[in-house]
Amino acid sequence: MRLPHRLLHPLPLVLGIGLLAPVAALASPAGDALQRLQGETWVTRSFTLADLGITRTVLLTGFDAKQEFYLPVPRNVAIADAGIDFRGRYYKPEEARTSMTLAVNGRPSYATRVDTAEGDASQVLKVDTRTIVDGFLRLGVSWINNSPERICAYERPSGNVLAVEPDTRFTYRFTSGALTNLADAWVALPARPTMIVAGKRLSKGAYDSAWRIGLAMEQAGRQINVRSFPAVGDSVDTQGWQIPPALAGLPAFSGLAAGEARHQIRDAAEVGALMVLGSGAATGDLLVMDATLRQQMNAALDALATQLNADADAARALSDWRGRQTALAADGMPSHMVRLATLGARPVIVLAEDAGAQAAGAFADAWRNVLIGRNAVIDKADQAEATSRTVIHPTQWGGTNPNFDVLAKGDWTVTMPLAALSADGRLPTDVGVDLAVSPSAGRSRPVATVYWNDTLLGARQLNADGHPERIDARVPSYVLGLNNVLRVAIQRQPYYDGCNEAPQAYPVQVLRTTALRTGDAAPDGTFVGLLPLMAYHPQVAVPESYLADAIATLPRLVRIAAASGVSPVRAELVVQGQGAFSPARPFLALQVPVDGANARVSVKDGHLRINGKQSPWLDVGGLTQASAIEVASSHGQYGLVYQVLGTQPALGKPFVLNRGDLAVLGDEGPVAWSDGSAAANSDAAPEGSGFLAEWRRHLSWGVPVIAFALLALLLLFVIAHRLKRRHDKNK
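All values derive from a computational prediction rather than experimental measurement.

Trainee: I'd like a description of the pairing of strand β11 (residues 161-164), backed by residues and values.
Mentor: Residues Val161 and Ala163 of β11 are buried on one face, and the alternating residues Leu162 and Val164, pointing to the opposite face, are buried as well. Both strand β2 (residues 58-60) and β11 contribute to a ladder of three bridges, which runs antiparallel. Bridge pairing in β11 links Leu59 to Ala163. For strand β5 (residues 88-91) and β11, the ladder comprises four bridges, and the chain directions are antiparallel. Directly across from Gly88, in β11, lies its bridge partner Val164.

Written as structure tokens, this is what we have:
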């Protein structure tokens, strides 16, 4: 059949449109690749016991030893592929039926019998994520030795030991979209989070927020890694990257895909490519978003968009990707705002330039769970002060179960941050532990012992009649630390009745009336004596050069401030220009001259001199990579003065200034301590303490007064006797 002539002319046009339609529907390869980068990605977290502060090997000994480790996880995030790489080693010199059991959240995950004298106890455990509750995963380790000897009179020590190594590792992952609130985002940060700032030089506001949030991370057990946003000429690590082939041919991505171990950034478009790829060098885990950083990010993405103008589909995909980056939201960052945002498919916590102090307070344990949304404008967040300035109840911090049964030994422990104990500038001076202990079948009275940071404060035998009993003890300043562990240990003598009865455990309760009494903090010239003042409202003074070299100086300031007990919420940052710093409150001065300070340390050209009262204690030259910090006073204010000898030491590990009044620091922290303060022995148990203290004080002056009074009475008696004899003679 032949078509009419009038229908033949439109036929080529229709066929052409039909052939071109599939081509038009196809997106460009680069556009497809950019679209795929907009989806969610997996985020992996991995940390060891050492990252949680357990830096020493944990030894389990005895016939039935148990230890639990609490591993933090975000509360409301579905995690996957969770596992524990348990690292340990056992030593078994004695014959016994020995076994090791590993449990996760109370459920046994692995058990084995130990038959050899020594061996590797390491094991990889899979974690059932359905059992995780309350934001923690519990790893339980049980070490049991059943001796063939029949021992019922006492529990002798066992030489069989299980060593749990601090490199035991917990790993899990989650999708980037699973984080929906700031509280979970903070808990889900890696062990060494990266904080991105605008550059090497920062404004005072950005520097102030950066050091405060870095200090809050350090106090939470995480070590911050500070990086500047990438700039042209910077070198970035490209190992392990997987760049989509469709993007590898584009100019902004080609250099990054060259396979080099490190790549030097050639232009701003390559910085934009780093952001699109979700590189940690450009996105990090936390951002201090000031105007400079925002402008740099937008400029990098503008440069990348310019390169993609020739590919309309790729340009459209980049624009769509850019609209999803809530870290660069059009409304910016209002004052005091903290936001859980997305940058390069990675979750990041973004802080406004002036939100450092407020964020540090809000992310503390007391208030963090209040942050149930993705955005928060925090006008105030500080440590809650006790209703009474003189009495604090340790049970408000929780601790282990206060009701427990004791067969031979039992403990109750609670951890208290110094910032909370000294929130109003006072210091714990005494502790009163109230206990109720039930009687047992044995005749021996149980013994209660009170420890503070493993220092024995007091002990006594208990009546164990079920009624409340109190143990009073003094809290000397030298036992205080940034985190304080109060431990009450109960020991009973198990009752066996000549091996005819199985010993039973009997209940003990630590009562809520257990209390700490506080007194006004008076600096005694030592690091410990300054801790409560540093946790209150100190001044932190740094030179202007610190702001000009923020990447190098921020970790230094964070590490020294954490060691000194400085509050990230209440401290005042003072940027000192020309001239000496004149403190108005307790202070921490880093590499700035302090007006009128009575410093004993003199540092010049790598020469360290420590002056004594009459002659130098130490005079050494040629030192490099060392620094010194000491207690000093100026204008009636006590504080700390930090000085550097030659090259700044790395200060790679966290430490606490809790000894003496002077410390010399190296790359690993303190290498030498000194105590020349008048309080060096002031915390030894004085003669004026104890039950008869008041009587002794009265007798110290009362005995001479009484003796003088008796002598006076004797003289009066003699005079009266003579007067009477004279009167009789006159008669």
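Trainee: Break down the packing of aromatic side chains for me, with residues and values.
Mentor: Here the distance between the centres and the angle between the planes together describe a pair of aromatic rings. One pass over the full model with this rule turns up seven aromatic pairs. Measuring from centroid to centroid gives 6.3 Å for Phe527 and Trp673, while their planes differ by 75°, and the two rings are edge-to-face. Separated by 146 residues along the polypeptide, Phe527 in helix α14 (residues 527-534) and Trp673 in strand β40 (residues 669-674) bring together distant segments of the chain. Exposure remark for Phe527: the relative accessible area of 2% places this residue in the buried category. Classification of Trp673 as partly exposed rests on a relative accessible area of 26%. Between the aromatic rings of Phe581 and Phe587, the centroid separation amounts to 6.1 Å while the plane-to-plane angle is 70°, which identifies the pairing as edge-to-face.

Trainee: Please provide a residue-by-residue account of a nonpolar patch on the surface, values included.
Mentor: A surface patch of nonpolar side chains, amounting to about 680 Å² of accessible area, comprises Leu711, Leu714, Leu715, Phe717, Val718, Ile719 and Leu723. As for its placement among the helices and strands, Leu711 is situated in helix α17 (residues 693-730).

Trainee: Break down the environment of Thr44 for me, citing the residues and quoting the values.
Mentor: On the secondary structure map, Thr44 appears in strand β1 (residues 42-48). Separated by 38 residues in sequence, Thr44 and Ala82 place their C-alpha atoms 9.8 Å apart. In this view, Thr44 contacts Thr171, Tyr172 and Arg173; residues no more than four positions away in its chain are not counted.

Trainee: Break down the sheet that holds β40 for me, citing the residues and quoting the values.
Mentor: Strand order across the open sheet formed by seven strands is β32-β31-β33-β38-β37-β39-β40, with mixed pairing between neighbours. Each end of this open sheet is capped by a strand with a single partner; those strands are β32 (572-576) and β40. Adjacent strand axes in the sheet meet at a mean angle of 20° when their direction is disregarded. For strand β31 (residues 539-543) and β32, the ladder comprises five bridges, and the chain directions are parallel. In the strand pairing of β32, Val542 is matched with Val575. Most of the contacts of helix α5 (residues 204-219) go to β32, to which it runs at about 130°, and overall it touches β31 and β32.

Trainee: Explain helix α8 (residues 268-277) to me, and be specific about the residues and the numbers.
Mentor: The element α8 is extensively covered by neighbouring structure, given that eight of its ten residues are classed as buried. Within α8, burial applies to Ala269, Glu270, Val271, Gly272, Ala273, Leu274, Met275 and Val276. N-cap assignment for α8: the residue whose side-chain oxygen lies 3.2 Å from the backbone N of Ala269 is Asp267. Positive phi shows up at Gly278, right after α8, with a value of about 75°.

Trainee: Quick one: what's the story with the pattern of salt bridges, residue by residue and with numbers?
Mentor: One pass over the structure, following the stated rule, counts 28 salt bridges. Asp208 is the salt-bridge partner of Arg212, the closest N and O atoms lying 3.0 Å from each other. Taken together, the residues Arg212 and Asp208, both in helix α5 and four residues apart, mark about one turn of the helix. Note that Arg517 is salt-bridged to Asp472, the shortest N-O span being 3.4 Å. Taken together, the residues span a long stretch of sequence, with Arg517 in strand β30 (residues 515-520) and Asp472 in strand β27 (residues 468-474) at a distance of 45 residues. Taken together, the shared-partner salt bridges connect Arg45, Asp285 and Arg346 into one network.

Trainee: Can you tell me about the sheet that holds β5, naming the residues and giving the values?
Mentor: Read from one edge to the other, the open sheet built from four strands follows the order β2-β11-β5-β8, with strand pairing classed as antiparallel. The open sheet has two free edges, formed respectively by β2 and β8 (118-120), since each of these has just one partner strand. Taking the axes of each pair of neighbouring strands and ignoring which way they run, one obtains an average angle of 15° across the sheet.

Calculation rules
Residues numbered from 1 in each chain as written. Predicted model: local features only at pLDDT ≥ 70, side-chain atom pairs only at ≥ 80, totals over all residues. Heavy atoms only, no water. Buried < 20%, exposed > 50% of the residue type's maximum accessible area, 1.4 Å probe, protein only. Helix = DSSP H or I, 4+ residues; strand = E, 2+ residues; numbered from the N terminus. Pairing = 2+ DSSP bridges. Phe/Tyr/Trp six-rings, centres within 6.5 Å; stacked < 30°, edge-to-face > 60°. Patch = residues over 30% accessible without salt bridge, like charges linked within 9 Å, V, L, I, M, F, W, Y side chains within 5 Å. Areas by Shrake-Rupley, 256 points an atom, 1.4 Å probe, with all protein chains shown as cover. Salt bridge = Lys/Arg side-chain N within 4 Å of Asp/Glu carboxyl O. Contact = heavy atoms within 4.5 Å. Axes fitted to C-alpha atoms, helices over the stretch in contact; angles between N-to-C directions. Polar contact = N/O pair within 3.5 Å; in protein donor to acceptor, adjacent residues only side chain to side chain.

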